[in-house]
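Single-letter residue listing:
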Amino acid sequence: MSDREEFVSLLKSTGRKGVDSVVGYLEKSGFFTAPASVSRHLSHDGGLLEHSLNVCRTAMALRGQMLQMRPGLEARLPEESVVLVSLLHDVCKANIYKKITKYRKDANNRWESYDGYDVDYTRFPLGHGEKSVVMLLRLGLELTNDEVLAIRWHMGAWDLSFQSFESKSNISAASDVPLVAILQAADALAAHLLEA
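Residues numbered from 1 in each chain as written. Predicted model: local features only at pLDDT ≥ 70, side-chain atom pairs only at ≥ 80, totals over all residues. Heavy atoms only, no water.

(A) Expanded view of the overall build of the protein. Looking only at helices and strands, one finds eight helices and two strands in the protein. If you list the helices and strands of the protein from N to C, you get α-α-α-α-β-β-α-α-α-α. Expected size for 196 residues packed as a compact globule is a radius of gyration near 16 Å; at 17 Å, the protein falls within 12% of this value. Referenced to the eigenvectors of the C-alpha coordinate spread, the extents of the protein come out at roughly 60 × 40 × 35 Å. Going through the 196 residues of the protein one by one, you find that 44% of them count as buried. For the protein, the share of sequence-separated contacts (at least 6 apart) that also reach a separation of at least 24 residues comes to 62%. Surface summary for the protein: the accessible area is close to 10,500 Å², and the carbon and sulfur share equals 53%. Side chains of the protein carry 22 positive and 25 negative charges; the gap between the two charge centres is 5 Å. (Helix = DSSP H or I, 4+ residues; strand = E, 2+ residues; numbered from the N terminus. Rg over C-alpha atoms; globule rule 2.2 N^0.38 Å. Buried < 20%, exposed > 50% of the residue type's maximum accessible area, 1.4 Å probe, protein only. Contact = heavy atoms within 4.5 Å. Areas by Shrake-Rupley, 256 points an atom, 1.4 Å probe, with all protein chains shown as cover. Lys, Arg positive; Asp, Glu negative; His and termini not counted. Charge placed at Lys NZ, Arg CZ, Asp CG, Glu CD.)

(B) How the structure looks around the packing of helix H4 (residues 79-88) against helix H6 (residues 145-152). Closest axis-to-axis distance for the H4/H6 pair is 10 Å, and the angle between their directions is 30°. Classified by the angle their axes make, H4 and H6 are roughly parallel. In this structure, H4 crosses over H6, and the sense of that crossing is right-handed. Packed against H4, whose contacting residues are Ser81, Leu84 and Val85, the element H6 presents Glu147, Ala150 and Ile151 at the interface. Considered class by class, the residues forming the contact of H4 with H6 number four nonpolar, one polar and one charged. (Axes fitted to C-alpha atoms, helices over the stretch in contact; angles between N-to-C directions. Parallel < 35°, antiparallel > 145°, perpendicular 65-115°, else oblique. Left-handed = near helix turned anticlockwise from the far one by under 90°. Nonpolar A, V, L, I, M, F, W, Y, C, P; charged D, E, K, R; others polar.)

(C) Spatial organisation of the pattern of salt bridges. By the definition in use, this model includes nine salt bridges. Note that Lys99 and Asp45 form a salt bridge whose closest N and O atoms lie 3.0 Å from each other. With Lys99 in strand S1 (residues 97-105) and Asp45 in the loop between helix H2 (19-29) and helix H3 (47-69), the pair connects residues that are 54 residues apart, well separated along the chain. The exposure class of Lys99 is exposed, given its relative accessible area of 58%. Between Asp90 and Lys93 there is a salt bridge, with the nearest N and O atoms lying 3.7 Å from each other. (Salt bridge = Lys/Arg side-chain N within 4 Å of Asp/Glu carboxyl O.)

(D) View of unusual backbone geometry. Look at Asn109: it is not a glycine, yet its phi comes out positive at around 65°. Residue position: Asn109 is located in the loop between S1 and strand S2 (111-119).

Dropping the structure here:
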């Protein structure tokens, strides 16, 4: 099974209303071929898909460990919610990357060109987590409040809007939601350890 097939299969396994619309959008927008970042983790074609699957696998492993230690959390960490938020947390990146030629010095200190990426936020300039939530809701995907919070706050303290008092209060309250904690941890572990 290819990564794309695994992603779609996992997403559809949630049985969530609106999933088919989301999959159609992901196909058209280039989600499955986009990089995960410009120059950090998985900066290559298909990197965003790879990252999303890594986050999903990591989140499911964390969920399993948390449920072993605190079985009472199961109702607050439904498997379909963990799958949904981990696969779709970065849907906002689907159509922001463009290929460009970059330059660097080679081993002989001479300039050489190489293929790279740049980002274009002008189509829908909204914050990272908020943009993913808005896009998914517009596509008709049903999301629970915990799922909205997890996707919105998946960047944790790295979120650019984190500087305001209101944002600090909101993220503090959202951090008490187990799904938020699982997604934040899984995203960080995937990006900084698995994909480093």
